[in-house]
Amino acid sequence: MGFRCGIVGLPNVGKSTLFNALTETAAAQAANYPFCTIEPNVGNVAVPDPRLNKLAEIASSQKIIETQLGFVDIAGLVRGASKGEGLGNQFLGNIREVDAVVHVLRCFENGDVTHVEGKVDPIADAETVETELMLADLESLEKRVPNYIKKGQQGDKESKIAASVLGQALELLREGKPARLTMPKDDEEKRVFSQAQLLTAKPVLYVCNVNEEDAAHGNELSARVFEKARAEGAEAVVVSAAIEAEIATMPPEDRGEFLAELGLEETGLARVITAGYKLLHLLTFFTVGPKEARAWTVHTGATAPEAAGEIHSDFEKGFIRAETIAYDDYVTLGGEARAREGGKLRAEGKSYVVHDGDVMHFLHS
């Protein structure tokens, strides 16, 4: 299951610098002028999880394989993108393909780095991008909803559902509110709403890009962004893209000391990934053995057969049962054999809902 977060924002806010640091590559060109990122760069990032290392230690696993989250560096947006200004059409097309939006906001002053709007105001920047996305959704739904209403009145069931849920989204957009505030009333409406691929329906994570001295606690500008995120039910984190870029070039053994000197307990990468995981309502389960210890990602609420399908589609089709041990039990008892002896290994059927940290072994036909 590939989960992808699109990194967006106005030009020169630090998107490409952050992307480079996140993926520890130089795939995206970071330059001090608009539109330096033309094609969206894609990088997969390992999700840090100390539980995986502990499981591997207990099982004497030869290999450790983390689960991953994808990041897409998308071209900078400018005012008028919904009408095709700048690289607007390409921007809007790229963002439709991601699961969540990581919105990088400039929360630092630097006279050497130009700002496309001529001033540093992260709230105004966020509203510029959100407005362009809402305008694009508004134009799309104003064309589609009347057709759904007409077909629904003629007896088409699917169109009637679309007219109801997308009509609600259209009213929100006309009020200047994002489509993600729409409340589908059942699974059918949720499916239709999801298929509409509305830009403002995607969950948002605000990344406040600050100077090095503000990396630990943020500043007045980032505080305003956190307030905005709380009001919207979104997530927000503070990151110094400059620090992350420096960390990316260091040997792993030197990073802890460097972070401690800056008053940081973990990298911005870890904070962004953790927030992205939370934003997408994801959880991790593990498979553990002598050959490898591996983390896997599923949506919260996934059943055991769906989790098995993440490993191989045949496992889901031929699912018989899952042998499951809670992470704490696996660690406390010292592995699978002792967990089995202690009655902590459970046989679960098709209706079992996976819990975060489950250590699982699947039996299939």
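Before reading further, recall that the structure is shown in the block above.
Residues numbered from 1 in each chain as written. Predicted model: local features only at pLDDT ≥ 70, side-chain atom pairs only at ≥ 80, totals over all residues. Heavy atoms only, no water.

Caption draft 1: Representation of the overall build of the chain in the model. When helices and strands are counted, the chain shows 14 helices and twelve strands. The proportion of buried residues among the 365 residues of the chain is 50%. Partitioning the contacts of the chain with sequence separation of at least 6, the portion at a separation of at least 24 is 69%. Summed over its atoms, the accessible surface of the chain is roughly 17600 Å², and 49% of this surface lies on carbon and sulfur atoms. (Helix = DSSP H or I, 4+ residues; strand = E, 2+ residues; numbered from the N terminus. Buried < 20%, exposed > 50% of the residue type's maximum accessible area, 1.4 Å probe, protein only. Contact = heavy atoms within 4.5 Å. Areas by Shrake-Rupley, 256 points an atom, 1.4 Å probe, with all protein chains shown as cover.)

Caption draft 2: Quick look at the nonpolar core. Counting 54 residues, the largest nonpolar core has Leu69, Phe71, Tyr206 and Val207 as its most contacted members. When neighbours within four sequence positions are excluded, Phe71 is seen to be in contact with Cys5, Ile7, Phe19, Leu22, Asn41, Val42, Gly43, Val45, Val102, Val272 and Ile273. Core analysis: the next-biggest nonpolar cluster, separate from the first, contains 16 residues, Leu141, Ala169, Leu173 and Phe193 among them. (Core = buried A, V, L, I, M, F, W, Y, C linked by side-chain atoms within 4.5 Å.)

Caption draft 3: Up close: empty space enclosed by the protein. Applying the stated criterion to the full structure yields one cavity of 30 Å³ or more. One number sums up the size of the largest cavity: a volume of about 70 Å³. Together, Val101, His103, Ala126, Val129, Glu130, Leu133, Arg180, Leu199, Thr200, Lys202, Val204 and Tyr206 line the largest cavity. For the lining of the largest cavity, the secondary structure elements donating two or more residues are strand E5 (100-106), helix H4 (122-153) and strand E6 (204-209). (1 Å grid on protein atoms, 1.4 Å probe; cavity = no way out; pocket = protein on both sides within 12 Å on 5 of 7 lines; lining within 4 Å. Points joined across faces, edges and corners; volume = space filled by probe spheres on them.)

Caption draft 4: Here's a closer look at unusual backbone geometry. Unusually for a residue other than glycine, Ser60 sits at a positive phi of about 55°. Tracing the chain through its elements places Ser60 in the loop between helix H2 (50-59) and strand E3 (63-65). Judged by relative accessible area, Ser60 falls into the exposed class, the value being 56%. We note that Gln197 has phi near 55°; this positive angle belongs to a residue other than glycine. A relative accessible area of 41% places Gln197 in the partly exposed class.

Caption draft 5: Region of interest: the pattern of salt bridges. Using the criterion set out here, one finds 18 salt bridges in the structure. In this structure, the salt-bridge partner of Arg4 is Glu97, at a minimum N-O distance of 3.9 Å. Of this pair, Arg4 sits in strand E1 (residues 4-8) while Glu97 sits in the loop between helix H3 (88-96) and E5, placing them 93 residues apart in sequence. You can call Arg4 partly exposed: its relative accessible area is 26%. Salt bridges sharing common partners tie together Asp49, Arg51 and Asp356. (Salt bridge = Lys/Arg side-chain N within 4 Å of Asp/Glu carboxyl O.)

Caption draft 6: Local environment of the environment of Asn94. One can find Asn94 in helix H3. Measuring from C-alpha to C-alpha, the distance between Asn94 and Val72 comes to 8.8 Å, with 22 residues separating the pair along the chain.

Caption draft 7: Focus on the packing of helix H1 (residues 15-23) against helix H8 (residues 241-248). As a packed pair, H1 and H8 sit with axes 8 Å apart at the nearest point and diverge in direction by 35°. Judged by the twist between their axes, the crossing of H1 over H8 is left-handed. Contact with H1, carried on its side by Thr17, Leu18 and Ala21, involves Ala241, Glu244, Ala245 and Ala248 of H8 and no other residues of that element. Looking at the contact of H1 with H8 residue by residue, the class counts come to five nonpolar, one polar and one charged. (Axes fitted to C-alpha atoms, helices over the stretch in contact; angles between N-to-C directions. Left-handed = near helix turned anticlockwise from the far one by under 90°. Nonpolar A, V, L, I, M, F, W, Y, C, P; charged D, E, K, R; others polar.)

Caption draft 8: Summary view of the packing of aromatic side chains. Summed over the entire model, instances satisfying the criterion amount to three aromatic pairs. When the ring of Phe285 is compared with that of Trp296, the centres are 6.4 Å apart and the planes differ by 15°; the resulting orientation is stacked. Linking Phe285 in strand E8 (residues 282-288) with Trp296 in strand E9 (residues 292-299), this pair joins segments that are eleven residues apart in sequence. The two residues Phe285 and Trp296 agree in class, both being buried. What links up through ring pairs into an aromatic cluster is the set Phe285, Trp296, Phe319 and Phe362. Cation over ring: Arg51 sits above Tyr327, and NZ or CZ is 6.0 Å from the ring centre. (Phe/Tyr/Trp six-rings, centres within 6.5 Å; stacked < 30°, edge-to-face > 60°. Lys NZ or Arg CZ within 6 Å of the ring centre and 35° of its normal.)

Everything listed is a geometric property; what it means functionally is a separate question.
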